[in-house]
Amino acid sequence: MDDEGSLPKSSVYKMISEGLPPGLRMGNDVKEMIVECCNEFIQCVSSEANEISTKENKTTILPEHVVAALESLDFASMIETVKATMNELKEEDKEVRAEKKKKKGMQISDEEALRLQQEMFAAAKARYNSGDATIGAGQPPAAANTGSLD
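Residues numbered from 1 in each chain as written. Predicted model: local features only at pLDDT ≥ 70, side-chain atom pairs only at ≥ 80, totals over all residues. Heavy atoms only, no water.

Examining the pattern of salt bridges
In step 1: Overall, the coordinates contain five salt bridges when judged by the stated rule.
In step 2: In this structure, Asp-93 and Arg-97 form a salt bridge, with 2.5 Å as the shortest nitrogen-oxygen distance. Of this pair, Asp-93 and Arg-97 are both found in helix H4 (residues 79–106), four residues apart, which corresponds to roughly one turn of the helix.
In step 3: Here Glu-112 makes a salt bridge to Arg-115, at a shortest N to O gap of 2.4 Å. (Salt bridge = Lys/Arg side-chain N within 4 Å of Asp/Glu carboxyl O. Helix = DSSP H or I, 4+ residues; strand = E, 2+ residues; numbered from the N terminus.)

So this is what it looks like as structure tokens:
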């Protein structure tokens, strides 16, 4: 199989190594065979899911098509795990979208920003004129603007 449509070997090798019991090693030829099996499995499920989506006149393979493909290929024992993972990913996606929406909601229009800026300048000017404004560590504005250090 060509490398263009396959899983990254280093990632699969790492997952294999992390899944092995301590002290157990696996030869590179066995790891390579596992990578080829993974790629073949993905190819089979993808092809079946594509056929299912095509029969439904869909142009996009949906998660439901993958679940149906697993069932069609007699991998029913994997379906519950796949559905659980799919639900976890949906929840994570909801959280990410909610966070983006929250951040977007925090943004204000240019007009609103200008209005707020003008209000803050007006309030600062009023404090300055009343002698209440200070800059930095308790320095009066006049002393801070003179440029002298004495």
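What follows continues from the structure just given.
Here's the deal with a nonpolar patch on the surface
In step 1: Among the surface-exposed residues, Ile-108, Leu-116 and Met-120 lie close enough to one another that they form a single nonpolar patch of about 280 Å² accessible area.
In step 2: Structurally, Met-120 can be placed in helix H5 (residues 110–129). (Patch = residues over 30% accessible without salt bridge, like charges linked within 9 Å, V, L, I, M, F, W, Y side chains within 5 Å. Areas by Shrake-Rupley, 256 points an atom, 1.4 Å probe, with all protein chains shown as cover.)

Points about unusual backbone geometry
For residues besides glycine, phi is generally negative; the peptide bonds are generally trans as well.
In step 1: A positive phi angle is found at Asn-57, which is not glycine, with a value near 60 degrees.
In step 2: With respect to the secondary-structure elements, Asn-57 resides in the loop between helix H2 (28–55) and helix H3 (63–72).
In step 3: Of note in this structure, Asp-74 is not a glycine but carries a positive phi near 65 degrees.
In step 4: Tracing the backbone through its elements, the reader meets Asp-74 in the loop between H3 and H4.
In step 5: In this structure Asp-74 comes out as exposed when scored by relative accessible area, which is 69%. (Buried < 20%, exposed > 50% of the residue type's maximum accessible area, 1.4 Å probe, protein only.)

A look at H5
In step 1: Counted at 1.5 Å a residue, the expected span for H5 with its 20 residues is 28 Å, and the 28 Å between its end C-alpha atoms agrees.
In step 2: Within two residues after H5, Gly-131 carries a phi angle of roughly 80 degrees, on the positive side. (Expected span 1.5 Å × (residues − 1).)

Details of the environment of Leu-73
In step 1: Take Leu-73: it is sitting in the loop between H3 and H4.
In step 2: A relative accessible area of 28% means that Leu-73 is categorised as partly exposed.
In step 3: Considering only alpha carbons, one finds Leu-73 and Val-45, 28 residues apart in sequence, at a separation of 7.7 Å.
In step 4: Beyond its immediate stretch of four places on either side in the chain, Leu-73 contacts Cys-44, Val-45 and Glu-48. (Contact = heavy atoms within 4.5 Å.)

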